[in-house]
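Here is how the chains run, residue by residue.
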Amino acid sequence: MTTTAPETGRSPTGERPARARRRRPLTLRRRESRAGLALVAPTLLVTIAVIGIPIVWTVVLAFQRVRLATLRKTGLFGDFTMDNFDRVLHTPGFADTLWVTLVYSVGGTVGSILLGLVAALVVRRPFRGRTLVRASMLLPYVAPVVAVTFVWQVMLDPQLGIVNAWGQRLLGWDAPVPFLSQESTALTTVIVFEAWRYFPFAFLFLLARLQAVPGELEEAARVDGATPTQRFRHILLPQLLPVIALLGVLRFIMTFNKFDDVYLLTGGAAGTEVVSVRVYEFLTARTDIGAASAQAVVLAVVLIVFVLIYLRFFGRRVG
Amino acid sequence: MDRDLVETVSLRWLRRLVIAAFLVVTVFPFYYMLVLSVRPIERLLLDPGSLVVGFGELTVATYAEVLKATDDGGQGFLTFIRNSGVVAVAATVLTLVVAIPGAYAVARLRFFGRRQVDFLFLAVYLFPSIVIAIPLFVVFSLAELRGSLFGLVLVYISQTLPVSVYMLRNYFETIPVSLEESAAIDGAGRLGIIRRVSLPLAMPSIMAVALYDFMIAWNEFLFALLFLVDKPDRWTVSLGLSLLADGVEVPKTVLMAGSVVLTLPIVILFFASERLLTEGLTSGAEKG
């Protein structure tokens, strides 16, 4: 954390080449370098101002005693304290939240990649209506999160929902299942939602990679007598593994940081409180900025540790 | 029968089955949303398992309620649509204005710190938006920017910028350098080259990025919630809809009508440009 955060906040000023003292025609190389910096400057500026500085600031806030009400009185470098971390780490439910976040992230990542892989394999070869099928498969990913979480809520509703209506009628369920509000099913449901909503992301990447696999490879294997499953296992899968490894990191990071899906589906109730939702609660309900920041920093540190471990194991494949 | 034949035949059928299953799973929720939005709530309570809208049952009263201004007893979604539209278009245009030169520079020009820029974008991705949200929440509270659409646009630009630069850079790299060099020999300056040669060639990719940015901005929820919640006349569609659910008992059918209003522009845009998007998003993905 502390090693990466200042990196992102580093300003470009130090990297600007020293101005030529005397007016002398610039070499092409120098002109190129100047043009490059000038063109990239707006991007850097926005990223540093709206992302870099806030990240550093969150770290600073995490070590201060700040509430929204007392904010104006607190200086930027007021008294530093470990109080927030102490409070955050010892508030009941902290370990649970971390565990839930982990289960949710791993479940969502694995689920979405598996679904995406199956989807990519089945629409790989041309068939009638393929374009339409492919487009439909992307729907969950492009549709607004608020709308899709609402539909899921209504579908799974114990009174009005179609899942319970059909479950009772066709599958003989004794009583309606409150999928999103009972502890035994809520987390699983949220993970299934996550897999459903994000499999198109994995699907797109895997499909692109599959289509780049040279046809001769498979042809040769077929001639050598490899059956379809063998061809998948020994030809396609090795080709796909680097992409799968990359997707693993990307999806894990994105899911670990996810806020809206869980917040909108359950509000963090019934054992689905992930760290992001908890940070939000600290920030808005308790207006305890210090504690919210500390919690967010813990989230970021845990994430970085996981990603580093992952890269150690799969690093060569991702690279 | 040998194993190869058994596998080939059974996989052929399995494949059809799986495609059908995927279609149902992905399309059904949207169909369900649409059906519910045009059924009266009493009918839904009587028969929650029905999937067709009975003749004479069809109603658009739900839409009327959602769209009408709050003064007329509606939910004021027309205002929200306008807000969302303004924010999304502004964020898209500004992101492109910033990202195109940036991506070009990273793709083409050798300058000091070019590699670090790459790393910066990767690092940015790693941080939860909630981490960024805290200080922004604080700053916007202090600067009284909370409740301003401008502040929201600024945040959206920063959110879409890394991916936009990444996608555009990949595309710029595929344009042959020789084209630009011949323009340079003909006397074009750096900006002239970008405007006359690179931009026209990159147009498909730029359109794809624009659509991606628009979707992100239109769909976004967390920052809208944090910054706009006190100002009902500034709400975006996503925010308005989510708060509608929290409020006094609003029938689920009205919520579904709101969801359709929120989803429809994106779905139309998406199907109109699907090819462009899928190719734009993954161009360069083969490199892994």
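Residues numbered from 1 in each chain as written. Chains lettered and ligands numbered in written order. Predicted model: local features only at pLDDT ≥ 70, side-chain atom pairs only at ≥ 80, totals over all residues. Heavy atoms only, no water.

Draft legend 1. Representation of the UniProt feature "transmembrane region" (unreviewed entry) in chain A. Residues and elements named next belong to chain A. When the UniProt feature table is mapped onto this chain numbering, "transmembrane region" (unreviewed entry) sits at residues 37-63, 98-123, 135-155, 195-214, 235-254 and 289-311. Helix makes up 90% of residues 135-155 and strand 0%, with an end-to-end C-alpha separation of 23 Å. Here residues 195-214 is 90% helix and 0% strand, with 30 Å between the C-alpha atoms at its ends. (UniProt positions renumbered as here; feature names shortened; annotations may be inferred. Helix = DSSP H or I, 4+ residues; strand = E, 2+ residues; numbered from the N terminus.)

Draft legend 2. Up close: the packing of aromatic side chains. Per the stated rule, a full pass over the model turns up 24 aromatic pairs over all chains. Pairing phenylalanine 256 of chain A with phenylalanine 306 of chain A gives two aromatic rings, centres 6.2 Å apart and planes at 65°, and the pair type is edge-to-face. Of this pair, phenylalanine 256 of chain A sits in helix 10 (residues 228-256) while phenylalanine 306 of chain A sits in helix 13 (residues 289-318), and the two are 50 residues apart along the sequence. Residue classification places phenylalanine 256 of chain A among the buried residues on the basis of a relative accessible area of 1%. Cluster of aromatic residues (ring-pair linked, three or more members): Tyr141, Tyr198, Phe201 and Phe205 of chain A. The positively charged end of arginine 251 of chain A is found above the aromatic ring belonging to phenylalanine 201 of chain A, 5.3 Å away from the centroid. Residue placement shows arginine 16 of chain B over the ring face of tryptophan 13 of chain B; its charged tip is 4.9 Å from the ring centre. (Phe/Tyr/Trp six-rings, centres within 6.5 Å; stacked < 30°, edge-to-face > 60°. Buried < 20%, exposed > 50% of the residue type's maximum accessible area, 1.4 Å probe, protein only. Lys NZ or Arg CZ within 6 Å of the ring centre and 35° of its normal.)

Draft legend 3. Spatial organisation of the pattern of salt bridges. Counted according to the given criterion, the structure contains 14 salt bridges over all chains. Salt bridges sharing common partners tie together Arg124, Arg125, Glu218 and Arg231 of chain A. (Salt bridge = Lys/Arg side-chain N within 4 Å of Asp/Glu carboxyl O.)

Draft legend 4. Spotlight on the UniProt feature "transmembrane region" (unreviewed entry) in chain B. Residue and element names in this part refer to chain B. Per the UniProt record, the feature "transmembrane region" (unreviewed entry) sits at residues 13-32, 84-107, 119-143, 149-168, 205-229 and 253-272. Secondary structure content for residues 84-107 is 100% helix and 0% strand, while the C-alpha to C-alpha distance between its ends is 33 Å. When the span residues 253-272 is considered, its composition is 100% helix and 0% strand, and the gap between its end C-alpha atoms is 28 Å.

Draft legend 5. Inspection of the packing of helix 10 of chain A against helix 1 (residues 3-37) of chain B at higher detail. Closest axis-to-axis distance for the helix 10 of chain A/helix 1 of chain B pair is 8 Å, and the angle between their directions is 85°. Classified by the angle their axes make, helix 10 of chain A and helix 1 of chain B are roughly perpendicular. For the pair formed by helix 10 of chain A and helix 1 of chain B, the contact residues are Pro228, Thr229, Gln230 and Arg231 of chain A on the first element and Arg3, Asp4, Glu7, Thr8 and Leu11 of chain B on the second. A per-class count over the contact of helix 10 of chain A with helix 1 of chain B returns two nonpolar, three polar and four charged. (Axes fitted to C-alpha atoms, helices over the stretch in contact; angles between N-to-C directions. Parallel < 35°, antiparallel > 145°, perpendicular 65-115°, else oblique. Contact = heavy atoms within 4.5 Å. Nonpolar A, V, L, I, M, F, W, Y, C, P; charged D, E, K, R; others polar.)

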